[in-house]
Amino acid sequence: MDTYEKFVQDLDRYLRLDLTGYKRPQMERRINTLMRNLGMRDYDHFVESMRKDKAIFERFLDYMTINVSEFFRNPTQWDVLENKIVPELIKKTPNLKVWSAGCSTGEEPYTLSMLLQERFPAGRHSILATDFDEHVLAKAKAGLYAKKNTGGIPAPYYKKYFDESADGVQAKDSLKKIITFRHQNLLRDRFPDNFDLILCRNVVIYFTEEIKRVLYTNFFKALRPGGVLFTGSTEQIMGAAEIGFHSVAVFFYGKPDK
Ligand SMILES: C[S@@+](CC[C@H](N)C(=O)[O-])C[C@H]1O[C@@H](n2cnc3c(N)ncnc32)[C@H](O)[C@@H]1O
């Protein structure tokens, strides 16, 4: 085992961050630059510092852009979801079962909750929101955001679904009630199934092509016939047709009806 492999193992063991399956050259380059900037001597010193000081660990996660999220991230695609994809899905199933895979601090499932409750209020929708990082999941469940990070939320939704307090901006229970937050590692754990819609956006950026292929095949299986996978704005699926997907719109992949 070389020093990088040991670093990855230590991250998993001590900080519950699993970087296996990530493209090594990109990760290594970024990690080494950050270590230089922070004055870390070597990987062991870095792991030790992150274990002692949560702020350094947070800095690491932010720098790797591993946890960055936004409400209504890439609004044009949310328009397509709202005006084209969901109306089609609703025709087949009035109560949508949705999975936000790699939900980070919760902006994505809360965005979905607003959209479904506001625009498609007749259905009894449910959202499963998963991530493998317990730190971000705790933040997602809490639903407390800095005001500067809530700019993407349309004013009427903001007013209806959030409370302002001295601590920040708090998602209301009415927004949380259709969401279940759960720990799930996309590279290790069983996939839940029977979804009408799956979002996996900005999660696979550092994954190897081989891992992506396995992942997209698993998402295909996790969809109901007629279901749709929504990917991030730079994530086109290579060999989508071979997996069985057809394109419904840019960054939206459909599973054929039965
Ligand atoms: C950049 S955030 C994306 C958040 C949100 N989907 C969005 O687009 O704004 C990537 C998230 O994927 C999660 N993630 C990365 N690898 C994962 C894995 N193997 N299993 C589950 N979640 C993973 C990270 O913990 C992080 O919270």
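Remember, predicted model here, so these are calculated numbers, not experimental data. (Residues numbered from 1 in each chain as written. Predicted model: local features only at pLDDT ≥ 70, side-chain atom pairs only at ≥ 80, totals over all residues. Heavy atoms only, no water.)

*Asks:* Explain the overall build of the chain here, please?
*Replies:* Across its full length, the chain holds eleven helices and ten strands. A globule of 258 residues ought to have a C-alpha radius of gyration of about 18 Å, and the chain, at 19 Å, matches this closely. Counting only C-alpha atoms and orienting by the principal axes, one finds that the chain spans roughly 60 × 50 × 30 Å. In the chain, which comprises 258 residues, the proportion classed as buried is 50%. For the chain, restricting intrachain contacts to residue pairs at least 6 apart in sequence, the fraction spanning at least 24 positions comes to 72%. Carbon and sulfur atoms make up 50% of the accessible area of the chain, which totals about 12700 Å². Separation of charge centres in the chain, based on 39 positive and 34 negative side chains, amounts to 3 Å. (Helix = DSSP H or I, 4+ residues; strand = E, 2+ residues; numbered from the N terminus. Rg over C-alpha atoms; globule rule 2.2 N^0.38 Å. Buried < 20%, exposed > 50% of the residue type's maximum accessible area, 1.4 Å probe, protein only. Contact = heavy atoms within 4.5 Å. Areas by Shrake-Rupley, 256 points an atom, 1.4 Å probe, with all protein chains shown as cover. Lys, Arg positive; Asp, Glu negative; His and termini not counted. Charge placed at Lys NZ, Arg CZ, Asp CG, Glu CD.)

*Asks:* What's the story with the side chain of Ser104 in this structure? I'm lost.
*Replies:* For Ser104, the location among the structural elements is in the loop between β1 (97–101) and α6 (107–119). Relative accessible area serves as the criterion here: at 6%, Ser104 is assigned to the buried category. Among the polar contacts listed, one links the side chain of Ser104 to the backbone oxygen of Asn67, at a separation of 2.7 Å. Apart from residues lying up to four places away in sequence, Ser104 is in contact with Asn67, Ser69, Asp131, Val136, Leu137 and Ala140. (Polar contact = N/O pair within 3.5 Å; in protein donor to acceptor, adjacent residues only side chain to side chain.)

*Asks:* Mind showing me how you'd approach the environment of Asp163 here?
*Replies:* Note that Asp163 resides in strand β4 (residues 162–165). With a relative accessible area of 39%, Asp163 lands in the partly exposed category. Here the alpha-carbon distance between Asp163 and Leu144, two residues 19 residues apart in the chain, equals 9.5 Å.

*Asks:* Mind showing me how you'd approach the site of the ligand here?
*Replies:* Taken together, 21 residues are adjacent to the ligand, and Tyr22, Ser69, Arg73, Asp131 and Asn202 come closest. At 2.6 Å, a side-chain N or O of Asp131 approaches an oxygen atom of the ligand. One of the backbone N or O atoms of Phe132 is found 3.4 Å from a nitrogen atom in the ligand. Across the complex, the protein chains shield 99% of the 600 Å² of accessible surface that the ligand would expose by itself. Here the residues of the shell around the ligand are counted per class, giving eight nonpolar, eight polar and five charged. (Near = heavy atom within 4 Å. Nonpolar A, V, L, I, M, F, W, Y, C, P; charged D, E, K, R; others polar.)

*Asks:* What's the story with the state of the cysteines in this structure? I'm lost.
*Replies:* What makes a disulfide is a covalent bond joining the sulfur atoms belonging to two cysteines. Considering all chains together, one arrives at zero disulfides under this definition. Unpaired in terms of disulfides, Cys103 finds its nearest cysteine sulfur in Cys200, a separation of 11 Å. (Disulfide = S-S within 2.5 Å.)

*Asks:* What is the right way to read the pattern of salt bridges from this model?
*Replies:* A side chain of one charge can pair with a side chain of the opposite charge if their charged atoms are brought near each other. Taken as a whole and judged by the stated rule, the model has 17 salt bridges. Here Lys6 and Asp44 are joined by a salt bridge, their closest N and O atoms 3.0 Å apart. Placement of Lys6 in helix α1 (residues 3–15) and of Asp44 in helix α3 (residues 43–52) is noted, with a sequence separation of 38 residues between them. Residue classification places Lys6 among the partly exposed positions, given a relative accessible area of 35%. The salt bridge involving Arg188 is made with Asp18; its shortest N-O contact spans 3.3 Å. Taken together, the residues Arg188 in the loop between β6 (179–183) and β7 (195–200) and Asp18 in the loop between α1 and α2 (24–38) connect sequence positions 170 residues apart. In this structure Arg188 comes out as exposed when scored by relative accessible area, which is 52%. Among the charged side chains, a network of salt bridges with common partners joins Asp2, Arg24 and Glu28. (Salt bridge = Lys/Arg side-chain N within 4 Å of Asp/Glu carboxyl O.)

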